[in-house]
Amino acid sequence: MHQAIKGRGFDLDATRLTDGDRLSLLFGVVALAFIWCCVSGEFVATNSPPKTLKHGYSAKSVFRLGLDALGVVLSRRPRHQHPSRPTFLQLLATFDP
């Protein structure tokens, strides 16, 4: 989670916030976003497993799979709908307990 918050996803250092109330709110929102990325990444990994490298680990982490999937779904750029790509409603449903 530390790597995701610091530089591999959310870039929290760039905010330069110093107010305690705003920082606690930001950390709460970032924690929820991190959880949503991980849950969405699990959903993506079960539907289309990521490439496994020679050392046995996957090429992308579960967090990165979810962040990329949410980035594609939430972006306003036109994209071609591939059958293995989840829709926004599918990713939103992963967050539902």
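These figures come from a predicted structure and were not determined experimentally.

S.K.: Would you mind going over the overall build of the protein with me for this structure?
M.R.: Helices and strands together make up the secondary structure of the protein, namely 4 helices and 0 strands. Seen in sequence order, the protein has helices and strands lined up from the N terminus as α-α-α-α. Burial statistics for the protein: of 97 residues in total, 23% are counted as buried. A separation threshold of at least 6 residues defines the contact pool for the protein, and within that pool the share at least 24 residues apart is 55%.

S.K.: Please clarify how a nonpolar patch on the surface should be interpreted in this entry.
M.R.: There is a patch of nonpolar side chains on the surface, built from Leu74, Phe88, Leu89 and Leu92 and spanning about 390 Å² of accessible area. Considering every element that reaches the nonpolar patch, the biggest residue donor is helix α4 (residues 88-94), with 3 residues. With respect to the helices and strands, leucine 92 occurs in helix α4. On the accessibility criterion, leucine 92 (39% relative accessible area) is partly exposed.

S.K.: Just checking my understanding: could you explain helix α3 (residues 62-74) for this structure?
M.R.: An α-helical turn contains 3.6 residues, so a residue and the one three or four places further along point in the same direction. With 13 residues, α3 extends 18 Å from end C-alpha to end C-alpha; this agrees with the ideal 18 Å at 1.5 Å per step. Within α3, burial applies to Phe63, Leu65, Gly66, Leu67, Ala69, Leu70 and Val73. Packing partners of the buried residues in α3 comprise α1 (2-6), α2 (20-47) and α4.

S.K.: Before we go on, may I ask you to explain the UniProt feature "transmembrane region" (unreviewed entry) in the protein in this structure?
M.R.: The positions UniProt marks with the feature "transmembrane region" (unreviewed entry) are residues 25-45. Along residues 25-45, the helical share is 100% and the strand share 0%, with 30 Å between the first and last C-alpha atoms.

S.K.: Looking at this structure, how should I read the pattern of salt bridges?
M.R.: A side chain of one charge can pair with a side chain of the opposite charge when the charged atoms of the two come close. The final tally for this structure, using the stated rule, is 2 salt bridges. As a salt-bridge pair, lysine 60 and aspartate 68 come within 2.8 Å of each other at their nearest N and O atoms. On the basis of relative accessible area, lysine 60 is assigned to the partly exposed category, the value being 38%. The salt bridge partner of arginine 64 is aspartate 68, with a shortest N-O separation of 3.2 Å. One end of the pair, arginine 64, and the other, aspartate 68, are both in helix α3, 4 residues apart, so they sit about a helical turn from each other. Residue classification places arginine 64 among the partly exposed residues on the basis of a relative accessible area of 31%.

S.K.: Please explain the state of the cysteines as it appears in this structure.
M.R.: A disulfide bridge is the covalent bond that connects two cysteines by way of their sulfur atoms. A full pass over the atoms with the stated rule returns 0 disulfides. Between cysteine 37, a cysteine without a disulfide, and cysteine 38, which holds the nearest cysteine sulfur, the sulfur-to-sulfur distance is 6.9 Å. Among the residues examined, cysteine 37 registers a relative accessible area of 2% and is labelled buried. Residue class for cysteine 38 comes out partly exposed when judged on its relative accessible area of 24%.

Rules used in this analysis
- Residues numbered from 1 in each chain as written.
- Predicted model: local features only at pLDDT ≥ 70, side-chain atom pairs only at ≥ 80, totals over all residues.
- Heavy atoms only, no water.
- Helix = DSSP H or I, 4+ residues; strand = E, 2+ residues; numbered from the N terminus.
- Buried < 20%, exposed > 50% of the residue type's maximum accessible area, 1.4 Å probe, protein only.
- Contact = heavy atoms within 4.5 Å.
- Patch = residues over 30% accessible without salt bridge, like charges linked within 9 Å, V, L, I, M, F, W, Y side chains within 5 Å.
- Areas by Shrake-Rupley, 256 points an atom, 1.4 Å probe, with all protein chains shown as cover.
- Salt bridge = Lys/Arg side-chain N within 4 Å of Asp/Glu carboxyl O.
- Expected span 1.5 Å × (residues − 1).
- UniProt positions renumbered as here; feature names shortened; annotations may be inferred.
- Disulfide = S-S within 2.5 Å.

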